[in-house]
Amino acid sequence: MSNSDKSVVSRLRKLIGEGAYGPGERLGEVAVSEQLGVSRTPVRLAFRTLEQEGLLQRAGKRGFMVREFTEADVFCAVEVRGVLEGLAARRLAEQGLSQALDAELEVWIQTGRELLAKGFLEERDVDAWSELNRHFHEAIVGSAGSPVIGDAIARNNHLPFAAADSIVIDSEALDREFRKLQLAQVQHELVVQALRQGEGARAEMLMREHAFIGLRYGELLGLGPGIGHERRGR
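Residues numbered from 1 in each chain as written. Predicted model: local features only at pLDDT ≥ 70, side-chain atom pairs only at ≥ 80, totals over all residues. Heavy atoms only, no water.

**Section: the overall build of the protein chain**
And then number 1: Scanning the protein chain for helices and strands turns up 10 helices and 3 strands.
And then number 2: Whereas a compact globule of 234 residues would reach a radius of gyration of roughly 17 Å, the protein chain reaches 18 Å, a difference of no more than 12%.
And then number 3: Considered along the principal axes of its C-alpha atoms, the protein chain spans approximately 50 × 40 × 30 Å.
And then number 4: Residue burial in the protein chain is summarised as follows: out of 234 residues, 49% are buried.
And then number 5: Averaging the positions of the 30 positive and the 35 negative side-chain charges in the protein chain gives two centres separated by 4 Å. (Helix = DSSP H or I, 4+ residues; strand = E, 2+ residues; numbered from the N terminus. Rg over C-alpha atoms; globule rule 2.2 N^0.38 Å. Buried < 20%, exposed > 50% of the residue type's maximum accessible area, 1.4 Å probe, protein only. Lys, Arg positive; Asp, Glu negative; His and termini not counted. Charge placed at Lys NZ, Arg CZ, Asp CG, Glu CD.)

What follows is the structure, given as structure tokens:
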């Protein structure tokens, strides 16, 4: 998926999270492409991606509609991911990092540092962060020594906003979003530190807290009350 396609996914994900498209509302390629000012192809690809994430569901042979979900659904799904990723991190810390995994995690740590080094965010950085974040999480889960954890996370990722790479960034508040990603980067580095030191309980706690970076931290940084708030009562 190209960066432009990923941008359409991010924009649609944000609009759904804010309630711009209500539960049960049908989405058409033509209308959405005109609203976003893009061609129909990236919209079509975005619909399929958001279906996999649990935000959209099929409506007829070719159409999609916004899936109904509550704020409680979102928080529960994110909490479940945090528990599972925390378990993976604890197991990994207890068994020890291989040289190959240590080097891979260091790549994503350095990538995050370089992305944030200029001191501000550009819209294109959002997709770059999502990509490195996905690789970071997948490296930890995939090396935990149990496919059961990865399978459980994969099933959970079909719930709205549950996946690690489905973080919502407000393109109209990139200065405050930069601070949020700075905190996320610090959490990544602390997780790696705990893994290297073999601190299983600490690695587990950090991963569980890290799961809430997209839901709990925004309000503290003046980014609004978080995903799902606008959907209450619908």
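**Remarks on the side chain of R13**
And then number 1: Mapped onto the elements, R13 comes out in helix 1 (residues 3-18).
And then number 2: Excluding residues that lie within four positions of it along the chain, R13 makes contacts with L50, E53, L55, F161, D165, S166, I167 and V168. (Contact = heavy atoms within 4.5 Å.)

**Things to note about the pattern of salt bridges**
And then number 1: Scanning the entire structure with this criterion turns up 17 salt bridges.
And then number 2: Between R134 and E138 there is a salt bridge, with the nearest N and O atoms lying 3.3 Å from each other. Residue R134 and its partner E138 are located together in helix 6 (residues 123-142), separated by 4 residues, close to a single helical turn.
And then number 3: The network of salt bridges with shared partners includes E29, R40 and R44. (Salt bridge = Lys/Arg side-chain N within 4 Å of Asp/Glu carboxyl O.)

**Here we look at the nonpolar core**
Nonpolar side chains in soluble globular proteins tend to be buried together.
And then number 1: Membership of the largest hydrophobic core comes to 31 residues, with the highest contact counts inside it found for L105, F136, I140 and L195.
And then number 2: For this core, the elements supplying multiple residues, two or more each, are helix 4 (71-95), helix 5 (99-116), helix 6, helix 8 (174-197) and helix 9 (200-210).
And then number 3: Broken down by element, the residue count for this core peaks at 8 residues, all from helix 8.
And then number 4: The contact partners of L105, leaving out residues within four places of it in the chain, are L97, F136, A139, I140, V192 and L195. (Core = buried A, V, L, I, M, F, W, Y, C linked by side-chain atoms within 4.5 Å.)

**Some details on the packing of aromatic side chains**
Think of a pair of aromatic rings as described by two things: how far the centres are apart, and how the planes are tilted against each other in angle.
And then number 1: The tally for this structure, following the rule as stated, stands at 1 aromatic pair.
And then number 2: Measuring from centroid to centroid gives 5.5 Å for F47 and F64, while their planes differ by 55°, and the two rings are tilted. Within this pair, whereas F47 is found in helix 3 (residues 40-52), its partner F64 is found in strand 3 (residues 63-66), the two being separated by 17 residues in sequence.
And then number 3: Among the residues examined, F64 registers a relative accessible area of 5% and is labelled buried.
And then number 4: The ring of F120 has K118 lying over it, and the distance from NZ or CZ to the ring centre is 5.6 Å. (Phe/Tyr/Trp six-rings, centres within 6.5 Å; stacked < 30°, edge-to-face > 60°. Lys NZ or Arg CZ within 6 Å of the ring centre and 35° of its normal.)

**What to know about the pairing of strand 3**
And then number 1: In terms of strand pairing, strand 1 (residues 26-27) meets strand 3 through 2 bridges, oriented antiparallel. Its bridge partner lying in strand 3, L27 is registered against F64.
And then number 2: Judged from the 4 bridges that link them, strand 2 (residues 56-59) and strand 3 form a sheet pairing that is antiparallel. Across the sheet, residue Q57 finds its bridge partner in strand 3, namely M65.
And then number 3: The hairpin turn running from strand 2 into strand 3, its antiparallel successor, is 3 residues long, and G60 in that turn takes a positive phi close to 85°. (Pairing = 2+ DSSP bridges.)

**Side note on the side chain of D125**
And then number 1: Assignment of secondary structure puts D125 in helix 6.
And then number 2: Looking at D125, its side chain comes within polar contact range of the side chain of K118, at 2.7 Å.
And then number 3: If we skip the residues at most four places from it in the chain, D125 touches L115, K118 and F120. (Polar contact = N/O pair within 3.5 Å; in protein donor to acceptor, adjacent residues only side chain to side chain.)

**Things to note about the domain arrangement of the protein chain**
And then number 1: Its domain assignment divides the protein chain into domain 1 (3-66) and domain 2 (71-220).
And then number 2: The C-alpha centroid of domain 2 is placed 25 Å from the C-alpha centroid of domain 1.
And then number 3: Each partner contributes residues to the interface: domain 1 has 11 residues there, and domain 2 has 15 residues.
And then number 4: Buried area between domain 1 and domain 2, both sides added, is near 990 Å², and the carbon and sulfur share of it is 54%.
And then number 5: Counting across the interface, domain 1 meets domain 2 through 0 salt bridges.
And then number 6: Along the contact surface separating domain 1 from domain 2 lie 3 residue pairs in polar contact (both at pLDDT 80 or more).
And then number 7: A per-element tally of the side of domain 1 that touches domain 2 places helix 1 first, with 7 residues.
And then number 8: Of the residues in the side of domain 1 that touches domain 2, the class split is 1 nonpolar, 6 polar and 4 charged. (Domains from an automatic or database assignment. Buried area = accessible area lost by both parts, 1.4 Å probe. Nonpolar A, V, L, I, M, F, W, Y, C, P; charged D, E, K, R; others polar.)

**Overview of the sheet that holds strand 3**
And then number 1: As summarised here, the arrangement of the 3 strands in space is 1-3-2, forming an open sheet in which the pairing is antiparallel. In the strand order of this sheet, the two ends are held by strand 1 and strand 2, each with one partner.
And then number 2: Each of strand 1, strand 2 and strand 3 touches helix 3; the most contacted strand, strand 2, lies at about 110° to it. (Axes fitted to C-alpha atoms, helices over the stretch in contact; angles between N-to-C directions.)

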